[in-house]
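Report on the structure
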Amino acid sequence: MIGRRHDESPWLNSILRISMGCGSLSYGRQEAQQGARMELTSDVADFTRRDLYLLGKTKPVLVTGTTGPAVVVIHEICGFTASLARFCRWMRDAGFRVYAPILFGEPDAGNAEESSSAMRIVSLCISREFTILRANQSSPVTDWLRALARLAHEECGGPGVGAIGMCLTGGFALSMALDPVVLASVLAQPGLPAFSPAALDIAHADLARVKERTRHGLALRGYRFEGDTLCQASRFATLRAAFGTAFTGTELPDSAGNPAGMKADGKPPHSVFTRDLIDAAGQPTRAAVDEVIGFFRGALQQPRPVA
């Protein structure tokens, strides 16, 4: 995935490989060739920026939609990008109010869909908010994300809130399910912990609490590409072993990935809902978006929340 100059630092090599999931993306010709139904744009005029103070910390959150149940969409390592904004609009147009917290990067869709800088990677590794390398540890930033989910529920009402994390933040959606207001969690190509492909980035005690919730109706979904080396099959095997039928893992063939995405760099596809998605009718990645919408609708339209 990367050059030999990183071989002497295996942990950094793993993080850099995760960052490669946000490589360059063609916004024009390729999307037109695939029959795109929603234009990729960095214009976020249809989002409202809110600087929310929760648990003693302020973070920007981009919000779109005025009615409907709330869905929290957490960006990848590249930050909030044009392709993530498109995903948020799909959720909004399906009847949800979307809250997209900005954990790093600029609070707009101008963040480049390309490999993150080494400085960002190192800063995340040493940050007290993120647990990048250690297995069976919950990232502290998930406390803030659960507080955001509670606020979103207060503002939107309804039975509860949906959550989806991607890549670096994929497992955060699992930790968010600790809170009873979160009724549906989607783990999109969860990439952490970076150096333990079969492990999860959630503490044992937290995992036990989420497992207990699944016994009372909580459902979880996960998505990855079959050949993804950043989120390997062994991680989904761990999720299936932990949650049984409460976890539905969808593993798409690499042939379903966008030729203009990771494949253009000679790498297997990784980002199911952003860079490696093909926005055209009949495409498995676009069908996966509709599947997530249906999953959220089913959970958030329940007459009563799960325990």
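Relevant structure appears above.
Fair warning: this is a prediction, and the values are worked out from it, not measured in the lab.

What counts, and where the lines are drawn
- Residues numbered from 1 in each chain as written.
- Predicted model: local features only at pLDDT ≥ 70, side-chain atom pairs only at ≥ 80, totals over all residues.
- Heavy atoms only, no water.
- Helix = DSSP H or I, 4+ residues; strand = E, 2+ residues; numbered from the N terminus.
- Buried < 20%, exposed > 50% of the residue type's maximum accessible area, 1.4 Å probe, protein only.
- Contact = heavy atoms within 4.5 Å.
- Arc of directions from axis to C-beta.
- Axes fitted to C-alpha atoms, helices over the stretch in contact; angles between N-to-C directions.
- Parallel < 35°, antiparallel > 145°, perpendicular 65-115°, else oblique.
- Left-handed = near helix turned anticlockwise from the far one by under 90°.
- Pairing = 2+ DSSP bridges.
- Phe/Tyr/Trp six-rings, centres within 6.5 Å; stacked < 30°, edge-to-face > 60°.
- Lys NZ or Arg CZ within 6 Å of the ring centre and 35° of its normal.
- Expected span 1.5 Å × (residues − 1).
- Salt bridge = Lys/Arg side-chain N within 4 Å of Asp/Glu carboxyl O.
- Lys, Arg positive; Asp, Glu negative; His and termini not counted.
- Core = buried A, V, L, I, M, F, W, Y, C linked by side-chain atoms within 4.5 Å.

Here Leu 55 shows up in the loop between strand 1 (48-54) and strand 2 (57-64). Relative accessible area serves as the criterion here: at 56%, Leu 55 is assigned to the exposed category. Taking the C-alpha atoms as reference points, Leu 55 and Leu 145, 90 residues apart in sequence, are found 9.9 Å from one another. Those residues in contact with Leu 55 that lie beyond four places of it in its chain are Asp 143, Trp 144 and Ala 147.

Looking at helix 7 (residues 204-214), one finds that the buried residues are Asp 206, Leu 207, Val 210, Arg 213 and Thr 214. Buried residues of helix 7, viewed axially, fall in a sector of 115 degrees; they line one side. Residues of helix 7 that are exposed and point over 90 degrees away from its buried face: His 204 and Ala 205. Next to the buried residues of helix 7 lie helix 6 (172-176), strand 6 (182-188), strand 7 (219-225) and helix 8 (233-243).

Axis separation between helix 3 (residues 82-93) and helix 9 (residues 284-300) bottoms out at 10 Å; the angle between their running directions is 45 degrees. Accordingly, the angle class assigned to the pair helix 3 and helix 9 is oblique. Our pair here, helix 3 against helix 9, has a crossing hand that is right-handed. Residues Phe 87, Trp 90 and Met 91 of helix 3 lie in contact with helix 9, whose contacting residues are Arg 286, Val 289, Val 292, Ile 293 and Phe 296.

For the rest of this paragraph, the subject is the sheet that holds strand 3 (residues 70-74). If you walk across this open sheet you meet the 8 strands as 1-2-4-3-5-6-7-8, and the pairing is mixed. The open sheet has two edge strands with one neighbour each: strand 1 and strand 8 (247-252). Neighbour-to-neighbour, the strand axes of this sheet turn through a mean angle of 20 degrees, independent of strand direction. Inspection of the sheet shows strand 7 paired to strand 8 by 6 bridges, in the parallel sense.

Moving on to the packing of aromatic side chains. How two aromatic rings sit relative to each other is given by the distance of their centres and the angle of their planes. Using the criterion set out here, one finds 6 aromatic pairs in the structure. Taken together, a centroid distance of 5.6 Å and an interplanar angle of 80 degrees make the contact between Phe 47 and Phe 80 edge-to-face. Of the two residues, Phe 47 is situated in the loop between helix 2 (29-33) and strand 1 and Phe 80 in the loop between strand 3 and helix 3; the sequence distance between them amounts to 33 residues. Across the pair, Phe 80 and Phe 47 agree in class, each one buried. Grouped by ring-pair contacts, the aromatic residues Phe 87, Tyr 223 and Phe 273 constitute a single cluster. The ring of Phe 295 is capped by Arg 221, whose NZ or CZ atom sits 5.9 Å from the centre of that ring. Lying across the ring of Trp 90, Arg 286 places its NZ or CZ 4.2 Å from the centre.

With that settled, the discussion passes to helix 5 (residues 141-156). Under the 1.5 Å per step criterion, the end-to-end length of helix 5 is 23 Å for 16 residues, consistent within 8% with the ideal 22 Å. Within helix 5 the residues assigned to the buried category are Val 141, Thr 142, Trp 144, Leu 145, Arg 146, Ala 147, Leu 148, Ala 149, Leu 151 and Ala 152. Positive backbone phi, at 70 degrees, marks Gly 157, one or two positions downstream of helix 5.

The next point concerns the pattern of salt bridges. A complete count under the given rule lists 15 salt bridges for this structure. Close ionic contact of Arg 92 with Asp 46 constitutes a salt bridge, the shortest N to O distance being 2.7 Å. Of this pair, Arg 92 sits in helix 3 while Asp 46 sits in the loop between helix 2 and strand 1, placing them 46 residues apart in sequence. On the accessibility criterion, Asp 46 (31% relative accessible area) is partly exposed. Overlapping salt bridges bring together Asp 46, Arg 89, Arg 92 and Asp 93 as one network.

Let us look at the side chain of Arg 235. Inspection of the secondary structure puts Arg 235 in helix 8. Despite being buried, Arg 235 has no salt bridge partner; Asp 201 is the closest side chain of opposite charge, sitting 6.4 Å away. In contact with Arg 235, not counting residues within four places along its chain, are Pro 190, Gly 191, Leu 192, Pro 193, Ser 196, Pro 197, Ala 198, Ala 199, Leu 200 and Leu 230.

Along the chain, Asp 201 turns up in the loop between strand 6 and helix 7. Apart from the residues within four sequence positions on either side, Asp 201 is in contact with Gln 137, Ser 138, Gly 171, Phe 172, Ser 175, Leu 192 and Pro 193.

Here we come to the pairing of strand 5 (residues 161-166). Extensive coverage of strand 5 is indicated by the burial of 6 of its 6 residues. Side chains Val 161, Ala 163 and Gly 165 project from strand 5 onto one buried face, and the interleaved Gly 162, Ile 164 and Met 166 project onto a second face that is buried too. Summarising the sheet, strand 3 and strand 5 pair through 5 bridges and their orientation is parallel. Note on strand 5: the bridge partner recorded for Ile 74 is Gly 165.

Moving on, we get to the nonpolar core. Grouped together as the largest cluster of nonpolar side chains are 40 residues, with contacts concentrated most on Val 73, Phe 80, Phe 87, Ile 164, Phe 273 and Phe 296. Elements with a minimum of two residues in this core: strand 3, helix 3, strand 4 (97-101), strand 5, strand 6, strand 7 and helix 9. By residue number, the principal contributor to this core is helix 9, which donates 8 residues. In this structure Val 73 touches Leu 84, Phe 87, Cys 88, Val 98, Tyr 99, Ala 100, Pro 101, Ile 164 and Met 166, once residues within four positions along its chain are discounted. Counting 28 residues, the second largest nonpolar core, distinct from the first, contains Leu 52, Ala 70, Ile 77 and Val 161.

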